[in-house]
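Observations on the three-dimensional arrangement
Chain residues, written in single-letter form:
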Amino acid sequence: MWGGRFSDKPADIMQAINVSIDFDRRLYAQDIRGSRAHCAMLAAKGIITQEDKDAILGGLDKIEAEIEGGTFEWSREREDIHLNIEGRLTELIGEAAGRLHTGRSRNDQVATDFRLWVRGQLDNFDERLTALQKALLEQAAQNTDTIMPGFTHLQTAQPVTFGHHMLAYLEMFSRDQGRIKDCRNRMNENPLGAAALAGTPYPIDREMTAKALGFNAPMANSLDAVSARDFALEALSAASICATHLSRLSEEIVIWTSAQFGFVKLSDKFTTGSSIMPQKRNPDAAELIRAKVGRIMGALTSLTIVMKGLPLAYSKDMQEDKEPVFDAFEALDLALTAMTGMIGDLSPQKERLAEAAGDAFSTATDLADWLVRALNMPFREAHHVTGAIVALAEKTSKTLDALELSQMQSVHSAITQDVYSVLSPLASASSRTSYGGTAPSEVARQVARWRGKLG
């Protein structure tokens, strides 16, 4: 490619460190699409002839068919996706192939390819997240009144409903989807036509290529166009937050499926066995999803470090931008798909959940709230009285709703029979009717809202 300036070929080690075709070949569809748009624009502006345009487009069609048919011969000598396609195009149509690169550089070409690829992945994640939210919504709809313990510090805190718990993750993944859509909108500008860094003297039409490639507009600064990778960093940031949510949900599934908890069951489809312990049913899918966050966050860190010290405009360091992004997005796609299947497969163990919901005096806060409402007691005093009743229940090995009225009255004489209306886990959850609360009626309302949004 640069034979006019150099008189010798690169050293073997230079060739080895410089070549990128082994991983950037996955950009072939984007590269061909960008070349088609650029070619059509060059012809429209009279920069190349109609005859050359037809030859170039015909050659690109043949190359695409060869790649997709598995007959394309990849060359490490040609180092990257751009030169592999251009080299093959030259073999097919001769001199006209050289006219395709008029008014562009590999710098704006790769920036365009990479943006197109990332944009496509964001569209895929949008679909994956919608599917996951629908799976969570179905679990919520089927379990609006399934009582379970809510935790803080992984200690039993207050009764909640399983549906409410599922909706909490639905909300998280909805925000992830919002971040991905924001990222897509912000990155949807066209670098093509920025050339190496300064633009081009040819009378190109960047609006035309932007429209052909589905971009909102051409990028307004040629230096920025070829050197910016913040779109990939932002996409990785959104992916990392999403992966963190997936990891938290995976951790809960791992805990819930343990024999000690027994809150939910997974079928054989999403568990594995042990090579030595025949009784084991391991939640390996959840554990592997939990681990994927490391790869995704690692990719964000890797690309941040690559970019942090680069002056404008393009440096070869930026060849290291793609592999971590490819790896991270592949991991996130797999994790989202697996989690969607796992959520649909979950079977809440309602009796065990209800039993656990009443453990550890989980309705103590309801007792304190009843003292405030029924006896007009200051909350701090109610907290103290409730603490004394909990100590009494603990001493007698009873749950709060199993204490006799006389026992509670020995702590405070004004307590009446009505107190039992709030002491069961179901009564506790049902009373939490504030917007966004765990009451079955409120969960049903949120389910209806989400059905309207997700369809």
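Below is a summary of the structure that appears in this document. (Residues numbered from 1 in each chain as written. Predicted model: local features only at pLDDT ≥ 70, side-chain atom pairs only at ≥ 80, totals over all residues. Heavy atoms only, no water.)

**Brief notes about the overall build of the chain**
Secondary structure assignment for the chain yields 18 helices and 6 strands. The burial tally for the chain puts 48% of its 455 residues in the buried class. Sequence-distant contacts, at least 24 apart, represent 74% of the contacts inside the chain between residues at least 6 apart. Summed over its atoms, the accessible surface of the chain is roughly 21,500 Å², and 52% of this surface lies on carbon and sulfur atoms. Considering the chain, the positive charge centre built from 49 side chains and the negative charge centre built from 59 side chains are found 2 Å apart. (Helix = DSSP H or I, 4+ residues; strand = E, 2+ residues; numbered from the N terminus. Buried < 20%, exposed > 50% of the residue type's maximum accessible area, 1.4 Å probe, protein only. Contact = heavy atoms within 4.5 Å. Areas by Shrake-Rupley, 256 points an atom, 1.4 Å probe, with all protein chains shown as cover. Lys, Arg positive; Asp, Glu negative; His and termini not counted. Charge placed at Lys NZ, Arg CZ, Asp CG, Glu CD.)

**Focus: the packing of helix 7 (residues 162-187) against helix 10 (residues 230-256)**
For the pair helix 7 and helix 10, the least separation of the axes is 8 Å and the interaxial angle reads 165°. Judged by the angle between their axes, helix 7 and helix 10 are roughly antiparallel. Helix 10 is crossed by helix 7, and the crossing has left-handed handedness. Contacts between helix 7 and helix 10 involve Phe-162, His-165, Met-166, Tyr-169, Met-172, Phe-173, Asp-176, Arg-179, Ile-180, Cys-183, Arg-186 and Met-187 on the former and, on the latter, Phe-231, Glu-234, Ala-235, Ala-238, Ile-241, Cys-242, His-245, Leu-246, Arg-248, Leu-249, Glu-252 and Trp-256. Its residues assigned to classes, the contact of helix 7 with helix 10 comprises 16 nonpolar, 2 polar and 6 charged. (Axes fitted to C-alpha atoms, helices over the stretch in contact; angles between N-to-C directions. Parallel < 35°, antiparallel > 145°, perpendicular 65-115°, else oblique. Left-handed = near helix turned anticlockwise from the far one by under 90°. Nonpolar A, V, L, I, M, F, W, Y, C, P; charged D, E, K, R; others polar.)

**A word on the packing of aromatic side chains**
The final tally for this structure, using the stated rule, is 11 aromatic pairs. For the ring pair Phe-162 and Trp-256, a centre distance of 5.8 Å and an interplane angle of 50° mean the geometry is tilted. Of this pair, Phe-162 sits in helix 7 while Trp-256 sits in helix 10; the two residues are 94 residues apart in sequence, bridging distant segments of the chain. Grouping residues by exposure puts Phe-162 and Trp-256 together as buried. Each member of the aromatic cluster is reached from another via a ring pair, and the members are Phe-114, Trp-117, Phe-125, Phe-231, Phe-326 and Phe-329. (Phe/Tyr/Trp six-rings, centres within 6.5 Å; stacked < 30°, edge-to-face > 60°.)

**Notes on the layout of surface pockets**
Quantified by volume, the largest pocket comes out at close to 630 Å³. Taken together, 29 residues make up the lining of the largest pocket; nearest its centre are Phe-151, Val-160, His-164, His-165 and Ala-168. Looking at the lining of the largest pocket, the elements that each hand over two or more residues are strand 1 (147-152), strand 2 (155-161), helix 7, helix 10 and helix 18 (440-454). With 7 residues, helix 7 is the single largest residue contributor to the lining of the largest pocket. For the lining of the largest pocket, a count of residues per class yields 13 nonpolar, 10 polar and 6 charged. (1 Å grid on protein atoms, 1.4 Å probe; cavity = no way out; pocket = protein on both sides within 12 Å on 5 of 7 lines; lining within 4 Å. Points joined across faces, edges and corners; volume = space filled by probe spheres on them.)

Keep in mind that these numbers describe shape and distance, not what the molecule does.
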